[in-house]
Amino acid sequence: MTVTIHSSFLPHTDPEASLAFYRDVLGFEVRLDVGQGEMRWLTVGPADQPDTAIVLTPPTVQPGLTDEEKQTILDMIAKGTYAGINLAATDLDGTFARLESSGADIVQEPTDQPWGVRDCALRDPAGNMIRIQQTS
């Protein structure tokens, strides 16, 4: 039996800003763009990983959420504590330079971590935490 990662889900609060970030800044291809307005789902991923995708979803359209729950979710997204994803880059410093020059919300410059990983951190337009690790 083989189990792989197919999709990861991150909320978006502005589909156009998320599209510009994931497509234009990170260089991901757009695989699906479904819906409109607040009900718009975007599926993106690296061109060389066609079987792995990030689905950017509206965060508060789930049935049954109270207004208070919706506000809590939006507050957590804005703080970067609701969702996140770890990515990898073969040239972390070059990737970081491109992210920084794009105006991305930088949280941590490339750093050698005590657990043996070199990484950086930033937030996407919604506030989701993204960590990018150096690969060989």
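Scroll up to find the structure this text is about.
Peer 1: Help me understand a nonpolar patch on the surface, please; the structure alone is not making it clear to me.
Peer 2: Together, L32, V34, M39, W41 and V61 line one region of the surface with nonpolar side chains, adding up to about 410 Å² of accessible area. Listed by contribution, the elements that provide at least two residues to the nonpolar patch are strand 2 (29-36) and strand 3 (39-45). Position of V61 among the secondary structure elements: in the loop between strand 4 (53-57) and helix 2 (67-79).

Peer 1: Quick question: what am I supposed to make of the side chain of Q113 here?
Peer 2: Examined against the element boundaries, Q113 turns out to sit in the loop between strand 6 (105-112) and strand 7 (118-123). Polar contacts involving the side chain of Q113 include one to the side chain of D119, which spans 2.8 Å. Beyond its immediate chain neighbours, meaning those up to four positions away, Q113 contacts Q108, D119 and R131.

Peer 1: Looking at this model, I keep getting lost on the pattern of salt bridges. Mind explaining?
Peer 2: For the coordinates displayed, the defined rule picks out 8 salt bridges. Note that D33 and R40 form a salt bridge whose closest N and O atoms lie 2.6 Å from each other. Its relative accessible area of 37% is what places D33 among the partly exposed residues. R40 sits in the buried class, given a relative accessible area of 11%.

Peer 1: Would you explain the sheet that holds strand 2 in this entry?
Peer 2: Hydrogen bonding along the main chain pairs the strands of a sheet, whether they run parallel or antiparallel. Spatially, 1-4-3-2 is the arrangement adopted by the 4 strands of the open sheet, whose pairing is mixed. Where the open sheet ends on each side, the last strands, each with one partner, are strand 1 (7-11) and strand 2. When the angles between neighbouring strand axes are averaged without regard to direction, this sheet yields 20 degrees. Sheet analysis places strand 1 next to strand 4, joined by 5 bridges and oriented parallel. Within the sheet, the bridge partner assigned to S8 lies in strand 4 and is I54. Contacting strand 1, strand 2, strand 3 and strand 4, helix 1 (residues 15-25) crosses the sheet at an angle of about 5 degrees to strand 3.

Peer 1: How should helix 2 be read in this particular structure?
Peer 2: In an α-helix, one turn spans 3.6 residues; hence positions three or four apart end up facing the same way. Taking 1.5 Å per residue, 13 residues should reach 18 Å; helix 2 reaches 19 Å between its end C-alpha atoms and fits that length. Immediately downstream of helix 2, the backbone of G80 shows phi near 80 degrees, a positive value.

Peer 1: Is there a simple way to explain the packing of aromatic side chains in this structure?
Peer 2: Scanning the model with the defined rule gives 2 aromatic pairs in all. Summarising the aromatic geometry, the rings of F21 and Y22 are spaced 5.0 Å apart at their centres and angled 85 degrees between planes, so their arrangement reads as edge-to-face. Accessibility classification places F21 together with Y22 in one group, the buried group. Among the aromatic residues, ring-to-ring pairing joins F21, Y22 and F28 into one connected group.

The rules behind each value
Residues numbered from 1 in each chain as written. Predicted model: local features only at pLDDT ≥ 70, side-chain atom pairs only at ≥ 80, totals over all residues. Heavy atoms only, no water. Patch = residues over 30% accessible without salt bridge, like charges linked within 9 Å, V, L, I, M, F, W, Y side chains within 5 Å. Areas by Shrake-Rupley, 256 points an atom, 1.4 Å probe, with all protein chains shown as cover. Salt bridge = Lys/Arg side-chain N within 4 Å of Asp/Glu carboxyl O. Helix = DSSP H or I, 4+ residues; strand = E, 2+ residues; numbered from the N terminus. Polar contact = N/O pair within 3.5 Å; in protein donor to acceptor, adjacent residues only side chain to side chain. Contact = heavy atoms within 4.5 Å. Buried < 20%, exposed > 50% of the residue type's maximum accessible area, 1.4 Å probe, protein only. Pairing = 2+ DSSP bridges. Axes fitted to C-alpha atoms, helices over the stretch in contact; angles between N-to-C directions. Expected span 1.5 Å × (residues − 1). Phe/Tyr/Trp six-rings, centres within 6.5 Å; stacked < 30°, edge-to-face > 60°.

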